[in-house]
Amino acid sequence: MNGSRIAAVGHYQPAGILTNQDLAGMVDTSDEWITSRVGIRTRHIAGPDEPVDELAAHAAAKALASAGLSACDIDLILVATSTAIDRSPNMAARVAARLGVPSPAAMDVNVVCAGFTHALAAADHAVRAGASTRALVVGADKMSDVADWNDRTTCVLVGDGAGAAVVEAAEEPGIGPVLWGSVPEMGRAVRIEGSPPRFAQEGQSVYRWATTQLPPVARAACERAGFSPADLAAVVTHQANLRIIEPLAEKIGAVNAVVARDVTESGNTSAASIPLAFSKLVEQGAISTGDPVLLFGFGGNLSYAGQVVRCP
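In this text the structure is predicted, and so the values were computed from the model without any measurement.

Thresholds, definitions, all that
Residues numbered from 1 in each chain as written. Predicted model: local features only at pLDDT ≥ 70, side-chain atom pairs only at ≥ 80, totals over all residues. Heavy atoms only, no water. Axes fitted to C-alpha atoms, helices over the stretch in contact; angles between N-to-C directions. Helix = DSSP H or I, 4+ residues; strand = E, 2+ residues; numbered from the N terminus. Parallel < 35°, antiparallel > 145°, perpendicular 65-115°, else oblique. Left-handed = near helix turned anticlockwise from the far one by under 90°. Contact = heavy atoms within 4.5 Å. Nonpolar A, V, L, I, M, F, W, Y, C, P; charged D, E, K, R; others polar. Buried < 20%, exposed > 50% of the residue type's maximum accessible area, 1.4 Å probe, protein only. Arc of directions from axis to C-beta. Polar contact = N/O pair within 3.5 Å; in protein donor to acceptor, adjacent residues only side chain to side chain. Pairing = 2+ DSSP bridges. Core = buried A, V, L, I, M, F, W, Y, C linked by side-chain atoms within 4.5 Å.

1. A look at the packing of helix α7 (residues 214-224) against helix α8 (residues 242-252)
It is the contact of α7 with α8, at a shortest axis distance of 9 Å, that shows an interaxial angle of 55°. Between α7 and α8, the interaxial angle falls into the category oblique. Judged by the twist between their axes, the crossing of α7 over α8 is right-handed. Two secondary-structure elements touch here, α7 through L214, P215, A218 and R219 and α8 through L248, K251 and I252. Its residues assigned to classes, the contact of α7 with α8 comprises five nonpolar, no polar and two charged.

This is the structure:
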């Protein structure tokens, strides 16, 4: 085998929904203020009895079912998350236990909002190197656990959810070369710190960085995969803010692409946002099997990672 491909995707969101009107009763904000600044209308919020690994396992089970596979077919589980409360067992091991995967390598990846695309690259590398046959790659975060519900600039952003992909060997590569990196000196612009941990960010710094510095990086990721941005059928970026997503897609030059805007319904779900939005596009039939799709994560640590994949 010369490469790997995404065989199937799946997603899961908790049933609880928090609207902008609900938030207006909690902090000094309004539907107009939120939609005009970030484009979010609703977000899904998990209950206290819905831990991160449960969200992740639901999404992973859907991806497995879509691929026509069972837990026994998986030998590597990578879970991208930054909201794990416990240090051990890690989320990947807990997901393996929930699904009944017998003896996988199980690792967590914490690159916050760029976590899924980092984990997807790691799975691609493992499969191509022969270290794994089939991998489950999950992005899952329960941002409501780390939100400061008294801070109207950040609590209006967050949501909970999970998305997953099954990665397997393929004769023709279906996952393009990753382009990844970071800006460590600006790492504190997005952070989850303290005890208890709380999410905070320097919104204007992140906005300027994402809209000015990242478009050339995203175009370079397309070039590494042998595509022009105009060839893309879809662009799925981290769902941070509609005012970041739309200018970024425009500056990339993806003039023929469907642009994922799931942030309006789901809020910022951190590592879950890309697989969640991607899975929804697949489920809705907005993209077809074999279509080239740019997945591009960015955010915490001021890290980024992007690759062009073929739609399963």
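2. Some details on α7
If you check which residues of α7 are buried, you get L214, P215, V217, A218, A221 and C222. Projected down its long axis, α7 shows its buried positions confined to an angular sector of 165°, all on one face.

3. A look at the environment of E50
Relative to the assigned elements, E50 resides in the loop between β3 (42-44) and α3 (52-67). Taking the C-alpha atoms as reference points, E50 and F298, 248 residues apart in sequence, are found 26 Å from one another. With residues up to four places along the chain from it excluded, the contact list for E50 reads Y12, P14 and K142. For E50, the side chain forms a polar contact with the main-chain nitrogen of G47, separated by 2.6 Å.

4. A closer look at unusual backbone geometry
In this model, S88 is joined to P89 through a cis peptide bond whose omega is 0°. You can see P89 is positioned in the loop between β4 (76-80) and α4 (91-99). In the segment running from S195 into P196, the intervening peptide bond is cis, with an omega of 0°. With respect to the helices and strands, the residue P196 is situated in the loop between β9 (190-193) and β10 (198-201). At V112, a position not held by glycine, the phi torsion is positive, near 50°. Locating V112 in the fold gives a position in the loop between β5 (105-109) and α5 (115-128). Phi at L302 is positive, roughly 45°, even though this residue is not glycine. Relative to the helices and strands, L302 resides in the loop between β13 (292-299) and β14 (303-310). On the basis of relative accessible area, L302 is assigned to the buried category, the value being 0%.

5. Looking at α8
Every buried residue belonging to α8 is among L242, I244, I245, L248, A249 and I252, and all of these are buried. Along the axis of α8, the buried residues cluster in a sector spanning 160°; they form a single face. Here the buried face of α8 lies against α6 (203-212), α7, β11 (234-237), β12 (258-259), α9 (263-266) and β13. For α8, the capping residue at the N-terminal end is N241, with a side-chain oxygen 2.7 Å from the backbone nitrogen of R243. G253 lies just past α8 and shows a positive phi near 95°.

6. A word on the pairing of β11
Neither face of β11 is left uncovered, since the one carrying A234 and V236 and the one carrying V235 and T237 both have all their residues buried. Two strands pair when backbone bridges link them, and β11 and β12 are joined in this way by two bridges, in the parallel orientation. Each residue of the ladder has a partner; that of V235, found in β12, is V259. For β11 and β13, the ladder comprises four bridges, and the chain directions are parallel. Across the sheet, the residue bridging to A234 is V293, located in β13.

7. Side note on the nonpolar core
Of all hydrophobic cores here, the largest spans 47 residues; its most connected members are W209, L214, L232, L294, F296, F298 and Y304. For this core, the elements supplying multiple residues, two or more each, are α2 (31-37), α6, α7, α8, β13 and β14. By residue number, the principal contributor to this core is α8, which donates six residues. Residues I6, I175, A234 and I287 belong to the second largest nonpolar core, which totals 33 residues.

8. Quick look at the environment of G176
Positionally, G176 belongs in the loop between β7 (160-170) and β8 (179-182). The class of G176 is buried, set by a relative accessible area of 11%. Note: C-alpha distance between G176 and H58 (118 residues apart in sequence) is 27 Å. Apart from residues no more than four positions distant in its own chain, G176 is found in contact with A225, Q307 and V308.

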